[in-house]
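Working through the structure, step by step
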Amino acid sequence: MFEVKEFEDDKKYIHDFLSLPKKLYSKDEMMQNIEEERKILENRHILSKYFRIKKFLVYQGKEVVARCIVTFYDQDDISYIGFFECIDDLKCAKSLFDYVFEFVKKQGYKTLIGPVDASFWIKYRLKVNLFDKKPYTGEPYNKDYYLKLFQENGFDEKIKYVSNIFDVIPKDYVDETMKKRYQMFVERDYKIISPSKKDFLKCVNEIYDLIIELYKDFPVFKYIEREDFVELFSYYKAILNFDMVKLAYYDNKAVGFFLSVPNYHNRLYGKLNILDKLKILKDKKTLKSYVLLYMGVKREHVGLGKAIAYTILENAKKNEYCTIGALIKSGKTNEMYLKDKIENKYEYILLEKKL
């Protein structure tokens, strides 16, 4: 009933792989970056040099009904499954997973983790709740029945993540702990600033140094070279409101950062024409919702995270922004920032299958 195909560079199969999400998602749900996927399929992505991939499709007759990519890294005994899409059919999913499990075992791997779309730097995690809300910028988005498909095929939850949803914070609200923390670090001659657009390249290089050190123990993290990071993050220059980006300095060295992006929902995805780009430039100045996407503080500067977050909070209050504290590993300290103002939580998981 279902036929699984491994494929390499065949244009028909690449077309079918890229076309499946359009059959599953509405326009408002679509988070697919087709050109990025195409580059990965054709081994032309800037990160392709770091990994090897194997591509799979499932057909029911002539119709494509499921897909995935399995990724391997040298010197890593774990394999990763990502770019998973499937119709709501357990038998269809089972045909794909069973085939992938056998393939991975033959390669000598005993663990399969996912969803990981080839790289930590591209996308990972499975969304498991609040499917009535539009996807936010940077969200790992999938169909609500995917959890069932993974669980029925032997995947277990490995790690949980949350994104905290905040409404507009009243201007008279004060988080005394954050405020005191901010004042303490300012008195110690720390500088917490928003970089200017002209300093974007310097800012990205400083964030690279911090992320590579601070994120190295994160699940599925993989090291990449500086020039690749700079290229990956170059598109942020056009979409950032720099007032919602913060860098913390001590002795003129960057020791912490906080990167927020306007919540464009899914408008950054797909092929953008000139009108789309002009609308994004307008939205950057007018949007009242922000995604608090990345943050980090050097370990020897304990407590600085709350001080930086305080400056973001004050700017959000001043401008009446709604915010989403995005993709926090459950149990981390920043999960509880402004806990009395959390309206709701998106939830995500990373799954594992022992083979």
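What comes next is a walk through the structure.

Conventions and cut-offs
- Residues numbered from 1 in each chain as written.
- Predicted model: local features only at pLDDT ≥ 70, side-chain atom pairs only at ≥ 80, totals over all residues.
- Heavy atoms only, no water.
- Salt bridge = Lys/Arg side-chain N within 4 Å of Asp/Glu carboxyl O.
- Helix = DSSP H or I, 4+ residues; strand = E, 2+ residues; numbered from the N terminus.
- Buried < 20%, exposed > 50% of the residue type's maximum accessible area, 1.4 Å probe, protein only.
- Polar contact = N/O pair within 3.5 Å; in protein donor to acceptor, adjacent residues only side chain to side chain.
- Contact = heavy atoms within 4.5 Å.
- Patch = residues over 30% accessible without salt bridge, like charges linked within 9 Å, V, L, I, M, F, W, Y side chains within 5 Å.
- Areas by Shrake-Rupley, 256 points an atom, 1.4 Å probe, with all protein chains shown as cover.
- Phe/Tyr/Trp six-rings, centres within 6.5 Å; stacked < 30°, edge-to-face > 60°.
- Disulfide = S-S within 2.5 Å.
- Axes fitted to C-alpha atoms, helices over the stretch in contact; angles between N-to-C directions.
- Parallel < 35°, antiparallel > 145°, perpendicular 65-115°, else oblique.
- Left-handed = near helix turned anticlockwise from the far one by under 90°.
- Nonpolar A, V, L, I, M, F, W, Y, C, P; charged D, E, K, R; others polar.
- Lys, Arg positive; Asp, Glu negative; His and termini not counted.
- Charge placed at Lys NZ, Arg CZ, Asp CG, Glu CD.
- 1 Å grid on protein atoms, 1.4 Å probe; cavity = no way out; pocket = protein on both sides within 12 Å on 5 of 7 lines; lining within 4 Å.
- Points joined across faces, edges and corners; volume = space filled by probe spheres on them.

1. Focus on the pattern of salt bridges
Overall, the coordinates contain 27 salt bridges when judged by the stated rule. A salt bridge links K345 to E335, with the nearest nitrogen and oxygen atoms 3.7 Å apart. In this pair, K345 sits in strand β13 (residues 342–354) while E335 sits in the loop between β12 (322–329) and β13, placing the two residues ten residues apart along the sequence. A residue is classified by how much of its surface remains accessible, and E335, at 11% relative accessible area, is buried. A network of salt bridges, in which partner residues are shared, links E6, E8 and K54.

2. What to know about the side chain of N266
Mapped onto the fold, N266 is located in the loop between β10 (253–262) and α9 (274–286). Only 2.9 Å separates the side chain of N266 from the backbone oxygen of K27, close enough to count as a polar contact. Those residues in contact with N266 that lie beyond four places of it in its chain are K27, D28, E29, M30, M31 and P135.

3. Re a nonpolar patch on the surface
A surface patch of nonpolar side chains, about 410 Å² in accessible area, is lined by I274, L275, L278 and L281. Looking at the secondary structure, you find I274 in helix α9. Given the relative accessible area of 59%, I274 is considered exposed.

4. Digging into the packing of aromatic side chains
One pass over the full model with this rule turns up 39 aromatic pairs. A ring pair is formed by F101 and F155, whose centres lie 5.9 Å apart and whose planes are at 50°; its orientation type is tilted. Highlighted residues: F101 in helix α3 (residues 90–106) and F155 in the loop between α4 (146–152) and β7 (156–166), separated in sequence by 54 residues. For the pair shown, F101 and F155 are each scored as buried.

5. Looking at the state of the cysteines
Tallying each qualifying case throughout the model produces zero disulfides. Left without a disulfide partner, C92 is nearest to the cysteine sulfur of C86, which lies 3.7 Å away.

6. Things to note about the packing of helix α1 (residues 11–24) against helix α2 (residues 34–41)
When two helices pack together, their arrangement is captured by the angle between the axes and the distance separating the axes. Remark: α1 packs on α2, axes separated minimally by 10 Å, with the N-to-C direction vectors making an angle of 150°. When the axis of α1 is compared with that of α2, the two are roughly antiparallel. In this structure, the crossing between α1 and α2 has a hand that is right-handed. Residues I14, F17, L18 and K22 of α1 lie in contact with α2, whose contacting residues are I34, E37, R38 and L41. Each residue belonging to the contact of α1 with α2 can be placed in one class, and the counts come to five nonpolar, no polar and three charged.

7. So, the environment of Y249
Relative to the assigned elements, Y249 resides in strand β9 (residues 245–250). A relative accessible area of 12% places Y249 in the buried class. It is 55 Å that separates the C-alpha atoms of Y249 and Y59, two residues lying 190 residues apart in sequence. Contact partners of Y249, with chain neighbours within four places excluded, come to D189, Y190, K191, I193, K202, E206, A254 and V255. At a separation of 3.3 Å, a polar atom in the side chain of Y249 contacts the side chain of K202. Polar side-chain contacts of Y249 include one of 2.7 Å to the side chain of E206.

8. Regarding the environment of V261
Structurally, the position occupied by V261 is in strand β10. Along the primary structure V261 and F218 are separated by 43 residues, whereas in three dimensions their C-alpha atoms are 22 Å apart. Once residues lying within four places of it in the same chain are set aside, the contact partners of V261 are T137, Y236, L240, S289, Y290, V291 and L293.

9. Examining a positive patch on the surface
Taken together, the side chains of K216, R299, K329 and K332 define a basic patch exposed on the protein surface. Position of K329 relative to the elements: it lies in strand β12.

10. Things to note about empty space enclosed by the protein
Counted by the stated rule, this structure contains one cavity of 30 Å³ or more. When residues of the lining of the largest cavity are traced back to their parent elements, those giving at least two are α6 (200–214) and α7 (226–233). Ranked by residue count, the leading element in the lining of the largest cavity is α6, at four residues. Residue composition of the lining of the largest cavity, grouped by class: eleven nonpolar, no polar and no charged.

Keep in mind these numbers describe shape, not what the thing actually does.
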